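# Fold and geometry: a report
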Amino acid sequence: MTFLDYAPAPESTSILNLKPSYGLFIGGEFVDGGGSSFASISPSTEKTITTVAEATEADVDRAVKAARVAYDTTWSKMSGSERGKYLFRIARIVQERTRELAVAESMDNGKPIRETRDVDIPLVAAWFFYYAGWADKLEYAGLGPNPQSLGVAAQIVPWNFPLLMLAWKIAPALAAGNTVVLKPAETTPLTALLFAEICQQAQLPAGVVNIITGAGATGAAMVAHPDINKLAFTGSTPVGRQIASTLAGTNTKVTLELGGKGANIIFDDAAIDQAIEGIISGIFFNQGHVCCAGSRLLVQENIHDDVVNRLQNRLATLRLGDPLDKNTDIGAVNSKAQLQRITELVNVGEGEGATRWSSPCAIPEKGFWFAPTVFTDVHTSHRIAREEIFGPVLSVLTFRTPEEAIAKANNSPYGLSAGIWTEKASRMLAVADKLRAGVIWANTFNKFDPASPFGGYQESGYGREGGRHGLAAYLNSSDWKAGSRS
Amino acid sequence: MSPRASALATTHRSHSVLGSGATEKALITFLRGIPGVDTVGAEARAAGFATRSLKTTSKAAGLDMIMSMVDLTTLEGADTRGKVHTLAKKAIVPDSTDPGAPSVAAVCVYGDMVAEVRESLGSWHISQRPDGVAIAAVATAFPSGRASMPVKILDTQFAVSEGADEIDMVIDRGAFLSGSWGMVYDQIVSIKEACQRADGSYAHLKVILETGELATLDNVRRASWLAILAGADFIKTSTGKVSPAATLPVTVTMLEVIRDWHGMTGEKIGMKPAGGIRASKDALRYLVAVAETVGEQWLTPDLFRFGASSLLNDVVMQRQKMRTGHYSGPDYVSVD
Amino acid sequence: MTRLSVAKTYKLYIGGKFPRSESGHTYEVTTPQGAFLANASLASRKDARDAVVAARSAFPGYAGLTSYNRGQILYRIAEVLEGRRDQFVQEILESEGVGAGPAGKQVDEAIDVWVWYAGFADKYAQIVGNGNPVSGPYFNLSTPDPTGVVVAVSPQGLTGTSLLGISAVLAPIITSGNTAVVLSHFSQPRSAISFAEVLATSDVPSGVVNILTGDPAVIMPWMASHADVNALDLAGGSDGDWVAWQQAAAETLKRVVPPTTGIPGRSLDAITAFVETKTVWHTKALG
């Protein structure tokens, strides 16, 4: 055994108090759904964690009705200060139950406990704290002296940051005075259900938050429901297109946070060791299941070999394995389906002539795993340079001049994120000016904060989450009239 | 002050990197050309090492490693024969309840105490057995370094002649901060020369950068390269007399230079963080940083040391806990 | 036999500790009818001088915290205050001679003031700061920066002020990262010192808030002319020689907020009165 073969350091699951099955959280209570139930499994062991209900169209209707009643009778009549206090309570309870939520998230999603413990769940608490403070200050949001809530918001969140995406949706919606019906992804419902319990602990009025589990059909029923005022979706671009199309011509406000193919640009004067960390964080954090992942490395040609060399050496120290081990860096891929998609695209990449290098880490027998992989000799016309893989796969391209880097980075229908690595501030600012991306990280990557707006250009979606800008999705400005253009 | 045009003293390392007849100007140009360090990113990387969880067998192995890497240190004006002898005996047997505990790597004292240490170590000196304890002496007007070159050379020669196996020198920080990098370089070369014994062998040279006074990680990076080019066997963070002393980000920055030097030349330089590392928990993080930055080959007293005094007792207590299964206390380890 | 209660001693709050006045002086605090309540420390100019030293020394650390962190601290103050609600209601009943209803309402409002400002700590910069579209290849950003050490006079009205007054004045000052020396309500100082106990147990770093019980007429001339004080909030100063104080402050060009009637309401202006705007330029060029 060498020193680097760290002994197992498992996080205890004793803190969890899970039920064998969960119903739907509607009107402040867990109720039975009208449909069948399905299992949520741990992607690292393939074992069942719990079973959840598949909400039918009738269940969706029940949930929307509960949200509507809560809006009309309670939530829209409550002062902003009081709404804020509920959000402060929720934030505090999330802080109190942080470890429990981190363990549950890691088990259900497959991501390392270190990430859920140090990043995901603290951000969840922070998001609720941040928006709690806006609830009674909406006149300062830049939407006129008396902005109005929309009503009932239907929200659909993905599997890559389950509880964090829930926080991004629910916190601003409630702060702005709306009530919500939220559907977690079918492979990661657990923390949303625990969140429902937290709403009960906070004594949130019944119906303000409703959590309904289900898959694509449930989501479609939500989108098509005639009594929602707002639809917020984070997920894949193809589904985003469907939603936009379905809701065309209606009064329902839509915000979408979709895919990306983020370019991480490394100039030859970059702080090289930190740039390597940034590349790693950019694409291997969360197993690459990040819409804003730095999945394209655009490296200045004169430092290409040195960078690739350093990258491969650094990748050798990443540990892949049990998500609940505190030393794990790379966890499981969330589902068999996702693993298939990644594998397919990686095969395409090899077929296109790119050179593949995968980390020689040991892969466990059970569960869904993909070793961190780097493709060099990638060219702009390759599919692996243009399509979102959503896995721990990096495509390396080169550039010669800043203008060329910008052109290549922008050459995509996506526009979610980008990274710039240079020690020269004037260049960084000028490049940032020209990049068509909603989030630009300079000399860092994958940094999130509730005060910082996040969202994409073009096919990466529209609308922003986080910051003062994040309130706009859930309010109509004082001048808005029904049927007007905005 | 404009850079000197005259040639620097050549070492085989500077020759390979800068060519023959290299001037201060060439050295400055080289050092300025090294990529900078983004401090926020560097601190985040260091914090990442602190999240590693070393348990059971990993922890036990780590604690033994730390113990064997300690340079047990006393550098006080009030040092006496009595104090130094107590320390030397402790260095040999850190835990009287556990004869299996390894000896530390070295005892570190001022030059005028070297003879006392030698006497106290007796047959446990490294010259008598490979698992023995070495003698490290600070020299060059430690800790400030503010004295004339002849005095600093004499200081070094004296310690070597008294029997020091290793010399911990300080660089001239004033010269570094005012840009006289050639002077800093030449001083290290001279002290390295002063480490030569009558039989032609050299005492081992550790170069203390005093990173707390260098202030920026860019400076730490450049000073590390400079010290290596000038002939350092080890680069060391601090004297322990200035705060901040050793920190994880500074140590990682220095380890990265050692890694790059090894990649470039195949040569292995050692590293020693000193001062401020009091708890085993912290020391374990340093081991992780070494293993994951420059590689496990560096996890040996020949290439990594901890400059510490109170750390040793904490390691002893942690080992006792692992052995007995309960928490220990200060009454169960000896005061030095 | 009724149990004899243990009466509380009311001291000053400076540098996170509760010292008596260095002068050794105290003054009688009574109910509106004149019944004895306590001997409070009578703050001297030297106590005030020490408070400014404490506030200045705490400023870099406190201003250097993230605004999220400061918001958490202010929210914690609200939590602890809520937990001690009954104690504060009781003190107000005795000091102000009002009924339980108004006393309870005052405490509730004070708690809500802390919650309101807590929620603004990490947001107000997004409202008063912004990028500026200058003409030229320059990045240009304006951000608020806390001014430093602020000395404030709490509202001195006879009712409704003991706790709410100091809260309404202090919260906006420290939201942005300033540190403060606050003169309490002079004749009804007990709520302010009990409030100091709340601060001492709410993760507020030592020296961020310092509370002096004493006569503004004695203390304020020294604070107004003090070269290491950056700003004055004269909210409760209308009964004193506040114009002279403002004139004295002019010597070092302090920012001065003149007296208000009653208790200041919650506002963004209350925060921005004590921040500076810093604008940073940087060139932008691809080459």
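Residues numbered from 1 in each chain as written. Chains lettered and ligands numbered in written order. Predicted model: local features only at pLDDT ≥ 70, side-chain atom pairs only at ≥ 80, totals over all residues.

### Here we look at the overall build of chain A
On a plain count of helices and strands, chain A comes out with 14 helices and 20 strands. Taken against the 2.2 N^0.38 rule, which gives 23 Å for 486 residues, the C-alpha radius of gyration of chain A at 22 Å falls within 12% of a compact globule. In terms of overall dimensions, chain A has C-alpha extents of about 65 × 50 × 35 Å along its principal axes. Among the 486 residues that make up chain A, the fraction classed as buried is 58%. If you take every contact in chain A between residues at least 6 apart in sequence, the share linking residues at least 24 apart comes to 71%. (Helix = DSSP H or I, 4+ residues; strand = E, 2+ residues; numbered from the N terminus. Rg over C-alpha atoms; globule rule 2.2 N^0.38 Å. Buried ≥ 20, exposed ≤ 12 C-beta atoms within 10 Å, placed from the backbone. Contact = placed C-beta atoms within 7 Å.)

### Focus: the overall build of chain B
Within chain B, the regular secondary structure consists of 14 helices and 8 strands. Against the 2.2 N^0.38 benchmark of 20 Å for 336 residues, chain B shows a C-alpha radius of gyration of 20 Å, consistent with a compact globule. A principal-axis box enclosing the C-alpha atoms of chain B has dimensions of 65 × 45 × 30 Å. Burial analysis of chain B (336 residues in total) assigns 51% to the buried set. In chain B, the proportion of contacts linking residues at least 24 apart, taken out of those at least 6 apart, comes to 74%.

### So, the interface of chain A and chain C
Listed per partner, the contact involves 25 residues of chain A and 20 residues of chain C. For the side of chain A that touches chain C, the secondary-structure elements that each account for two or more residues are helix H2 (80-96), helix H4 (113-134), helix H13 (402-410) and helix H14 (425-434) of chain A. Considering each element in turn, the side of chain A that touches chain C owes the most residues, 7 residues, to H14 of chain A. The residue makeup of the side of chain A that touches chain C, split by class, is 13 nonpolar, 5 polar and 7 charged. (Nonpolar A, V, L, I, M, F, W, Y, C, P; charged D, E, K, R; others polar.)

### A few points about the confidence of the model for chain B
Predicted coordinates in areas of low pLDDT are best not read in detail. Per-residue pLDDT for chain B has a mean of 95; in total, 99% of the residues score no lower than 70. Note on the complex model: pTM 0.95, ipTM 0.93. (pLDDT = per-residue confidence, 0-100.)

### Here's the deal with the sheet that holds strand E6 (residues 234-236) of chain B
Residue and element names in this part refer to chain B. Spatial ordering of the open sheet is given by E7-E6-E5-E4-E3-E2-E1-E8, a layout of 8 strands whose pairing is parallel. Of all the strands in the sheet, the pair left with one neighbour each is strand E7 (270-272) and strand E8 (306-308). Each neighbouring strand pair of the sheet contributes to a mean axis angle of 25°, computed without reference to strand direction. Pairing analysis gives 3 bridges linking strand E3 (residues 134-138) to strand E4 (residues 166-170), with the strands arranged parallel. Of the residues in E4, the one forming a bridge with Val-138 is Asp-168. (Pairing = 2+ DSSP bridges. Axes fitted to C-alpha atoms, helices over the stretch in contact; angles between N-to-C directions.)

### As for the arrangement of the chains
By contact count, the dominant pairing among the 2 pairs of chains in contact is that of chains A and B. There is no contact between chain B and chain C; across them, the least C-alpha separation is 15 Å.

### Here we look at the interface of chain A and chain B
Across the contact, 22 residues belong to chain A and 23 residues belong to chain B. The element contributing the most residues to the side of chain A that touches chain B is helix H9 (residues 272-284) of chain A, with 5 residues. Split into classes, the residues belonging to the side of chain A that touches chain B amount to 9 nonpolar, 7 polar and 6 charged.

### Some remarks on the sheet that holds strand E9 (residues 255-257) of chain C
All names here are of chain C. Strands sit in the order E7-E6-E5-E8-E9 across an open sheet of 5 strands; the sheet is parallel. In this open sheet, the two edge strands, each paired with only one partner strand, are strand E7 (209-212) and E9. For this sheet, the mean inter-axis angle between neighbouring strands, taken without regard to orientation, is 15°. Examined bridge by bridge, strand E5 (residues 149-153) and strand E6 (residues 179-183) share 5 bridges and lie parallel to one another. For Val-150, the partnering residue across the bridge sits in E6 and is Ala-180.

### Some details on the packing of helix H4 (residues 56-69) of chain B against helix H13 (residues 280-293) of chain B
All names here are of chain B. Two numbers describe how H4 lies on H13: the axes approach to 10 Å, and their chain directions differ by 90°. Put simply, H4 runs roughly perpendicular to H13. From H4, Gly-62, Leu-63, Met-65 and Ile-66 reach across to H13, where they touch Ser-280, Ala-283, Leu-284 and Leu-287. Looking at the contact of H4 with H13 residue by residue, the class counts come to 6 nonpolar, 2 polar and no charged. (Parallel < 35°, antiparallel > 145°, perpendicular 65-115°, else oblique.)

### What to know about the pairing of strand E15 (residues 373-376) of chain A
All names here are of chain A. Side chains Thr-373 and Phe-375 project from E15 onto one buried face, and the interleaved Val-374 and Thr-376 project onto a second face that is buried too. The pairing of strand E14 (residues 355-358) with E15 spans 4 bridges and is antiparallel. Across the sheet, the residue bridging to Trp-357 is Val-374, located in E15. Relative to strand E16 (residues 393-399), E15 runs parallel, the two sharing 3 bridges. Bridge pairing in E16 places Phe-375 opposite Ser-395.

### Concerning the environment of Ala-405 of chain A
All names here are of chain A. Mapped onto the secondary structure, Ala-405 falls in helix H13. Since 26 C-beta atoms lie within 10 Å of it, Ala-405 is described here as buried. Residues Ala-405 and Val-299 lie 106 residues apart in sequence; the distance between their C-alpha atoms is 8.4 Å. If we ignore the near neighbours within four places in the chain, the residues touching Ala-405 are Ile-265, Leu-298 and Phe-399.

### Quick notes on the pairing of E4 of chain B
E4 of chain B sits mainly inside the fold: 5 of its 5 residues count as buried. Going residue by residue along E4 of chain B, you find Glu-166, Asp-168 and Val-170 of chain B tucked away on one face and Ile-167 and Met-169 of chain B tucked away on the opposite face as well.

### Focus on helix H5 (residues 162-175) of chain A
All names here are of chain A. The end-to-end C-alpha separation of H5 is 20 Å, in line with the 20 Å expected for 14 residues at 1.5 Å each. Most of H5 sits inside the fold, with 14 of its 14 residues counted as buried. Directly after H5, the chain includes Gly-177, whose backbone phi takes a positive value near 105°. (Expected span 1.5 Å × (residues − 1).)

### Description of the environment of Asp-260 of chain B
Looking at where Asp-260 of chain B falls in the secondary structure, it is placed in helix H12 (residues 248-265). For the pair Asp-260 of chain B and Ala-141 of chain B, spaced 119 residues apart in the sequence, the C-alpha separation amounts to 31 Å.

### Digging into the environment of Val-431 of chain A
Among the secondary structure elements, Val-431 of chain A is positioned in helix H14. Contact partners of Val-431 of chain A, with chain neighbours within four places excluded, come to Ile-265, Pro-402, Ile-406 and Ile-420 of chain A together with Leu-286 of chain C.

### Concerning the nonpolar core
Among the nonpolar cores identified, the biggest contains 353 residues, and Leu-87, Phe-128 and Ile-265 of chain A, Val-70, Val-107 and Ala-227 of chain B together with Trp-114 of chain C are the most heavily contacted of them. Non-local contacts of Val-107 of chain B, meaning those with residues more than four positions away in its chain, are made with Leu-72, Leu-87, Ala-88, Ala-91, Val-117, Val-133 and Ile-135 of chain B. (Core = buried A, V, L, I, M, F, W, Y, C linked by C-beta atoms within 7 Å.)

### Some details on the packing of H4 of chain A against H5 of chain A
Residues and elements named next belong to chain A. Closest axis-to-axis distance for the H4/H5 pair is 9 Å, and the angle between their directions is 5°. Considered as vectors, H4 and H5 are oriented roughly parallel to each other. Contacts between H4 and H5 pair Asp-120, Ile-121, Leu-123, Val-124, Trp-127, Phe-128, Tyr-131, Ala-132 and Trp-134 from the former with Leu-163, Leu-164, Ala-167, Trp-168, Ala-171, Pro-172 and Ala-175 from the latter.

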